Amino acid sequence: RIITSDEWETIESGLKQRITALNLFLQDVYGDGRIINDGIVPPELIYTSQHYRREMRGVQVPNGIYISVVGTDLVRIEDGSFAVLEDNLRVPSGVSYMLANRQVMKRIFPTLFGGYGVRPTDQYGQALLATLKALAPKHATDPVVVVLTPGVYNSAYFEHTFLARQMGVELVEGRDLLVHNNVVYMRTTAGLQRVDVIYRRIDDDFLDPLAFRHDSALGVSGLFNAYRAGNVSLANAIGTGVADDKAMYAYVPKIIKYYLGEEAILPNIQTYLLEDESQRSYVLENLDKLVVKAVGESGGYGMLIGPHSTKEEQAKFREQILAHPRNYIAQPTLALSRSPCFVDGEIDSRHVDFRPYILYGDEVR
């Protein structure tokens, strides 16, 4: 897919605007709560989100940056413009596949890239490292950065190893780290080494068995206390999922307007919030035409695609919506752009979305 430089400028400015506003929103939600007091976002929408972390209230996040690595899903709609499908602010995956694809493409079509003036992606690893180092606590003059992985059985383990290698930093599991006096250390063959920044690829629930899920074997006991004390930085911050809740997505244009005084450069897809009785009635009458999504899920889980669903699936979602309307949103079935794909030995057409990656450290890249 070729995206022209003019289109990319619009995408880039729209994504910078979006990540800046969402970061200010997270600062506010876990701080003064102005946007709640001013009636822009309903408080129940925030406090009933499964990703809202009460423990983060009043925690001083390094440089005030909650979301350092973001993957926002865009789609090209019928008029040829781009719209935002969803934001991924917790532990977004996939950038390694883009980088690996580019390496392969350059070997197969070396002259193509020069002829089209394609912008390079080789610098991503160093840009990510610079972003992470910019989050380091003030005590760290030469910050030690690690990538925290759940381990080899995680579906994105290739990415974890790939990015650690690209940055030239250690790949660690929870058992490789320990906390003493609210300071995080890494076990090495030369003894303990202090860790300043953790690029974590583990969900909030599993990060620290003392603070969150006590049955987690993936995290590090005492990590949250070290984080709260300002002795270690996490990318992304704990509790960022409240801003990529799919019900919160409907309010992002208002969030941009509230914090930045600007209209959203990249529009949202029309979204129905099912706690609203009239919107819920419309959705329940049109389940066969709409896409219904669970607000806390990602990666296509918890979804009903109306035109391709059975009556049984629609009946099941109807029951779930009536039981827990806050847990679902609905959107129109869009005529997304398509791309040729190699499927079962033949070229076939498939709908595609597009995930640019945004890094927010000393600047937005």
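To start, this report covers the structure provided alongside it. (Residues numbered from 1 in each chain as written. Predicted model: local features only at pLDDT ≥ 70, side-chain atom pairs only at ≥ 80, totals over all residues. Heavy atoms only, no water.)

### Some points on the pairing of strand β1 (residues 69–76)
Here's step 1: Most of β1 is tucked away: eight of the eight residues are buried.
Here's step 2: Burial of β1 is two-sided: the residues Val69, Gly71, Asp73 and Val75 facing one way and the residues Val70, Thr72, Leu74 and Arg76 facing the other way are all buried.
Here's step 3: As defined by bridge partners, β1 adjoins strand β16 (residues 357–359) across three bridges and the pair is classed as antiparallel. By the bridge assignment for β16, Val69 is matched with Leu359. (Buried < 20%, exposed > 50% of the residue type's maximum accessible area, 1.4 Å probe, protein only. Helix = DSSP H or I, 4+ residues; strand = E, 2+ residues; numbered from the N terminus. Pairing = 2+ DSSP bridges.)

### Overview of the packing of helix α6 (residues 124–133) against helix α7 (residues 157–167)
Here's step 1: Viewed as axis vectors pointing N to C, α6 and α7 meet at an angle of 80 degrees, and their least axial separation amounts to 8 Å. Relative to α7, the element α6 is oriented roughly perpendicular. Across from Tyr124, Gly125, Gln126, Leu128, Leu129 and Leu132 in α6, the residues of α7 making contact are Leu163, Gln166 and Met167.
Here's step 2: For the contact of α6 with α7, the per-class residue count stands at six nonpolar, three polar and no charged. (Axes fitted to C-alpha atoms, helices over the stretch in contact; angles between N-to-C directions. Parallel < 35°, antiparallel > 145°, perpendicular 65-115°, else oblique. Contact = heavy atoms within 4.5 Å. Nonpolar A, V, L, I, M, F, W, Y, C, P; charged D, E, K, R; others polar.)

### A short note on the packing of helix α1 (residues 5–29) against helix α9 (residues 252–260)
Here's step 1: Following both chains from N to C, one finds α1 and α9 inclined at 80 degrees, their axes separated by 9 Å at the closest point. Here α1 is positioned roughly perpendicular relative to α9, judged by the angle of their axes. The segment α1 lies against α9, with Gln17, Arg18, Thr20, Ala21, Leu22, Leu24, Phe25 and Asp28 engaging Val252, Ile255, Ile256, Tyr258, Tyr259 and Leu260.

### Overview of the environment of Ser216
Here's step 1: As for its placement among the helices and strands, Ser216 is situated in the loop between β8 (197–200) and α8 (223–228).
Here's step 2: Using a relative accessible area of 10% as the deciding quantity, one classes Ser216 as buried.
Here's step 3: Residues Ser216 and Phe206, ten residues apart in the sequence, show an inter-C-alpha distance of 5.2 Å.
Here's step 4: Apart from the residues lying within four places of it in its own chain, the contact partners of Ser216 are Phe206 and Pro209.
Here's step 5: Polar contacts involving the side chain of Ser216 include one to the main-chain carbonyl oxygen of Phe206, which spans 2.8 Å. (Polar contact = N/O pair within 3.5 Å; in protein donor to acceptor, adjacent residues only side chain to side chain.)

### Points about the nonpolar core
One broad rule of soluble globular proteins: the nonpolar side chains tend to lie buried together.
Here's step 1: Grouped together as the largest cluster of nonpolar side chains are 91 residues, with contacts concentrated most on Phe25, Ile198 and Tyr227.
Here's step 2: In terms of residue count, α1 provides more of this core than any other element does, eight residues in total.
Here's step 3: With 13 residues, the next largest nonpolar core counts Leu284, Leu290, Leu304 and Tyr328 among its residues. (Core = buried A, V, L, I, M, F, W, Y, C linked by side-chain atoms within 4.5 Å.)

### Focus: the pattern of salt bridges
Where charged atoms of side chains with opposite charge meet at close range, the side chains can pair.
Here's step 1: Inspection of every chain in the model, using the stated rule, returns 18 salt bridges.
Here's step 2: A salt bridge links Lys246 to Glu86; its shortest N-O distance comes to 3.5 Å. Here Lys246, found in the loop between β9 (233–235) and α9, pairs with Glu86, found in strand β2 (residues 82–88); they are 160 residues apart in sequence, far enough to count as distant.
Here's step 3: Residue class for Lys246 comes out buried when judged on its relative accessible area of 9%.
Here's step 4: Note that Glu263 is salt-bridged to Lys257, the shortest N-O span being 3.0 Å.
Here's step 5: Three or more residues joined by partner-sharing salt bridges are found here, namely Arg53, Arg200, Asp204 and Asp205. (Salt bridge = Lys/Arg side-chain N within 4 Å of Asp/Glu carboxyl O.)

### So, α9
Here's step 1: Along α9, the residues that are buried comprise Val252, Ile255, Ile256 and Tyr259. Down the axis of α9, the buried side of the element spans an arc of 100 degrees, and every buried residue falls inside it.
Here's step 2: Next to the buried residues of α9 lie α1, α2 (34–37) and β2.
Here's step 3: Looking one or two residues past α9, Gly261 carries a phi angle of roughly 65 degrees, positive in sign. (Arc of directions from axis to C-beta.)

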